[in-house]
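The residues making up each chain are set out below.
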Amino acid sequence: MGVPSVSDCGVGVQRALPHSDDHGPVTNPATTLNQLDECDACPYCRDTCENTESCVSCQKKNLQCRGPANNSWFMDALYCICSNPHSQENRQSRTYTMCQLRRHNHANSAWILVGNTIYDATPYIRSHPGGMEAILRKSGGAVDCTEDLHFHSKRAQKEWRRFKIGTLCPCPSDYQ
């Protein structure tokens, strides 16, 4: 007997619904259905919610490799095995959508946007001469920090470049 599933408002979020069989009682359907409201991830891009352990849709996004567009599962798997996602070159060539960038707006993860370039200010946030709030106010893509970059000394600008993690790309929902 298959497990029925439910779609969250047609956006593709699926979770298993409880069912009864010969092996045990039915679990509380209200608990399972309430989990549907927890996912606030964009359904159109690689954005994931905070509940990746319980959110099936976000788990699937995390498992997908973003390699070159291949029509073969074998080529996708080979790309995942052969590429090193932690290399500096790969980190700087990654792309992120605004949906993903918005999640990084707190002291534990503060990303800032300069034009279309994304920098991770988290390692520097606690020692910033202007204070933590100066970075947090502008993190998560709240504003374009191009003027802020140019405000800093050449030495500080060079330091910023060490923390480049990728570039901004449009979310597919922008084309909807």
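Reading the values: the criteria
- Numbering of residues starts from 1 in each chain and follows the order in which that chain's sequence is written.
- Only residues with pLDDT of at least 70 are given local features in this predicted model, and only at 80 or more are side-chain atom pairs given and counted; all residues enter the totals for whole chains, interfaces and linings.
- Based on all heavy atoms of the structure, the side-chain values leave hydrogens and waters out of the count.
- Each residue is assigned to one of three classes by its accessible area relative to the maximum for its type, calculated with a 1.4 Å probe on protein chains only: buried under 20%, partly exposed between the two thresholds, exposed over 50%.
- Strands here are runs of E lasting at least two residues and helices are runs of H or I lasting at least four, both read from the DSSP assignment and numbered beginning at the N terminus.
- Throughout, the arc means that of the directions going from the helix axis to the C-beta atoms.
- Here a residue-residue contact requires only that any non-hydrogen atoms of the pair lie within 4.5 Å.
- Strands qualify as paired when DSSP identifies two bridges or more between them.
- By convention in these notes, a salt bridge is any Lys or Arg side-chain nitrogen within 4 Å of a carboxyl oxygen on Asp or Glu.
- Aromatic contacts are taken between Phe, Tyr and Trp rings whose centres are within 6.5 Å, Trp giving its six-membered ring; a plane angle under 30 degrees counts as stacked, one over 60 as edge-to-face, and the others as tilted.
- In the analysis that follows, any N or O atom pair within 3.5 Å is treated as a polar contact, provided that within protein one partner can donate a hydrogen and the other can accept it, and provided that, for residues neighboring in sequence, both atoms belong to side chains.

## What to know about helix H2 (residues 56-63)
- For H2, the complete set of buried residues consists of Ser57, Cys58 and Lys61. Buried positions in H2, seen along its axis, are confined to an arc of 95 degrees and lie on one side of it.

## Thoughts on the side chain of Gln157
- Mapped onto the secondary structure, Gln157 falls in helix H8 (residues 154-162).
- Setting aside residues no more than four positions away along its own chain, Gln157 makes contact with Leu149, His150 and His152.

## Details of the pairing of strand S7 (residues 164-168)
- Pairing between strand S3 (residues 95-96) and S7: two bridges, direction parallel. By the bridge assignment for S7, Thr95 is matched with Thr167.
- Note that strand S6 (residues 117-120) and S7 share three bridges and pair antiparallel. What sits directly across from Ile118, in S7, is Gly166.

## Side note on the pattern of salt bridges
- Under the counting rule described, the total for this entry stands at four salt bridges.
- In this structure, Asp148 engages Lys138 in a salt bridge whose closest nitrogen and oxygen atoms are separated by 2.7 Å. Linking Asp148 in helix H7 (residues 146-151) with Lys138 in the loop between helix H6 (132-136) and H7, this pair joins segments that are ten residues apart in sequence.
- Residue class for Asp148 comes out partly exposed when judged on its relative accessible area of 22%.
- On the accessibility criterion, Lys138 (25% relative accessible area) is partly exposed.
- Via salt bridges that share partners, Asp40, Asp47 and Arg103 belong to a single interconnected network.

## Brief notes about the packing of aromatic side chains
- Applying the stated criterion across every chain, the model contains two aromatic pairs.
- On the basis of an interplanar angle of 65 degrees and a centroid distance of 5.8 Å, the ring pair of Tyr119 and Trp160 is categorised as edge-to-face. Placement of Tyr119 in strand S6 and of Trp160 in helix H8 is noted, with a sequence separation of 41 residues between them. Here Tyr119 and Trp160 have matching classes, each one buried.

## So, the side chain of Arg103
- Along the chain, the position of Arg103 falls in the loop between helix H5 (98-101) and strand S4 (105-106).
- In this structure the side chain of Arg103 is engaged in a polar contact, spanning 2.8 Å, whose partner is the backbone oxygen of Thr48.
- If we skip the residues at most four places from it in the chain, Arg103 touches Asp40, Ala41, Asp47, Thr48, Cys49 and Glu50.

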